[in-house]
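Residue-level structural notes
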Amino acid sequence: MNSEDSTAPNSQFTFHRIHGSRIRLSNSSKTATRLEAAKFYDNGVVYSALPLSGHAKFVVQAQELAVGWSGSFKIGVILISPEVFKDGFQPPRYSPAMPHSWVWSSLSLHVGQDLKISYGSVNLEDLKKGDKLGMEISREGTLQFLVNDRSQGAAATNVYSTDKLVYGFVDHYGQAVTSTIAEAFVNPFSLQHLCKRKILTGLTSNVSKLEPYLPTPLIAFLAYT
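Let me sum up the structure you'll find in this document. All chains use their own residue numbering, which begins from 1 and follows the written sequence. Local features in a predicted model are, by the rule used here, given only for residues with pLDDT of at least 70; side-chain atom pairs are given and counted only at 80 or more, and totals for whole chains, interfaces and linings are based on all residues. Side-chain figures throughout are based on the complete set of non-hydrogen atoms in the structure, without hydrogens or water.

Side note on the overall build of the protein chain
Quick note on the threshold: Put simply, DSSP marks the helices as runs of H or I at least four residues long and the strands as runs of E at least two long, and each gets a number from the N terminus on. Three exposure classes are used, based on accessible area relative to the maximum for each residue type with a 1.4 Å probe and protein chains only: buried under 20%, partly exposed in between, and exposed over 50%. Between two residues, a contact is recorded if the distance between any of their heavy atoms is within 4.5 Å. Here the accessible surface of atoms and residues is derived via Shrake-Rupley with a 1.4 Å probe, and residues count as covered only by protein chains that are part of the display.
Along the backbone of the protein chain there are 3 helices and 13 strands. Residues counted as buried form 46% of the 225 residues belonging to the protein chain. Of all intrachain contacts in the protein chain linking residues separated by at least 6 positions in sequence, the fraction that spans at least 24 positions is 68%. If you sum the accessible surface of the protein chain, you get close to 11200 Å²; carbon and sulfur atoms cover 52% of it.

Structure, rendered in structure tokens:
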């Protein structure tokens, strides 16, 4: 089977073994619960165990919410592997201070450290038990967030513009206590596509400007889609 056609389905998708300090994983690591939710509102971040690549979708369902807190689920993607947190550092919650990320919180989209824009027709603080929250990325790198399978519009168009791995994350913040992976898949890029992307991200100029200096087979390879 061509790697363009192979898909990692729900059964292979779990939350990452590295997570917030108050998170407990259960259900074969497909359910995340923030412990002592009545006393603490943060340290509830979980990541997708697999990086998102090609056409990818990652959706969770709200299983439990708490009263008494402001804020709720935050969701997004980061261009940092969770493995960098293995020595103990773990962001207690996601905010504009987190670089290399697109974070949907409440009615705002935070892009890296600098940009905050209005986003979505749904306020994440209004989510109820049973609602589904997720993300979908096209093969071209367009990211959209979803609520109950309804797109909230394009949040980014360049998620795959670097050679960094892309991970989804969910922050169980404030009212958000428990979620379960409801739908997830990755239809990964082919090795050919990854090689092409690696070459293109390493070039300092547009391919057309470099054509006189590149071998003809390489030009043909970079032009192939």
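Remarks on the sheet that holds strand S4 (residues 55-65)
Heads up, the condition is: Following DSSP output, two strands are said to pair if at least two bridges run between them. Axes here mean lines fitted to C-alpha atoms, for a helix over just the part in contact, with angles spanning 0 to 180 degrees between N-to-C directions.
One open sheet accounts for 7 strands, arranged S1-S2-S13-S4-S9-S10-S11; its pairing is antiparallel. Each edge of the sheet is formed by a strand with only one pairing partner; in this case those strands are strand S1 (23-26) and strand S11 (150-156). Sheet twist, expressed as the average angle between the axes of neighbouring strands with direction ignored, equals 20 degrees. Sheet topology note: the S4/strand S9 (residues 132-137) ladder contains 6 bridges and is antiparallel. Bridge pairing in S9 links Phe58 to Met135.

Structural notes on the sheet that holds strand S5 (residues 74-78)
Pairing is antiparallel in the open sheet, where 6 strands are placed in the order S3-S12-S5-S6-S7-S8. At either margin of the open sheet sits one strand with a lone partner, and together these are strand S3 (45-47) and strand S8 (115-118). When strand polarity is set aside, the average angle formed by the axes of neighbouring strands in this sheet is 20 degrees. Summarising the sheet, S5 and strand S6 (residues 101-105) pair through 5 bridges and their orientation is antiparallel. Counted as the bridge partner of Ile75 is Trp104 from S6.

Here we look at the environment of Arg150
As for its position among the elements, Arg150 is in strand S11. For Arg150 and Leu133, which are 17 residues apart along the polypeptide, the C-alpha to C-alpha distance reads 9.4 Å.

Regarding the nonpolar core
Short version of the rule: Buried residues of nine kinds, namely Ala, Val, Leu, Ile, Met, Phe, Trp, Tyr and Cys, make up a nonpolar core once their side-chain atoms join them within 4.5 Å.
Counting residues in each nonpolar core, the largest one holds 36 residues, and the members touching the most others are Leu52, Leu143 and Phe145. Going through the elements one at a time, S4, S5, S6, S9, strand S10 (143-147), S11 and strand S13 (176-187) are the ones with two or more residues in this core. When neighbours within four sequence positions are excluded, Leu52 is seen to be in contact with Phe13, Val77, Met135, Ile137, Tyr160, Val166, Tyr167, Gly168 and Val186. The next biggest cluster of nonpolar side chains, apart from the first, holds 7 residues, and it includes Tyr47, Val103, Tyr167 and Phe169.

Looking at the side chain of Thr178
Here Thr178 is to be found in strand S13. Residues within four places of Thr178 in sequence aside, it is in contact with Thr31, Ala32, Thr33, Gln61, Ala62, Gln63, Glu64, Phe73 and His172.

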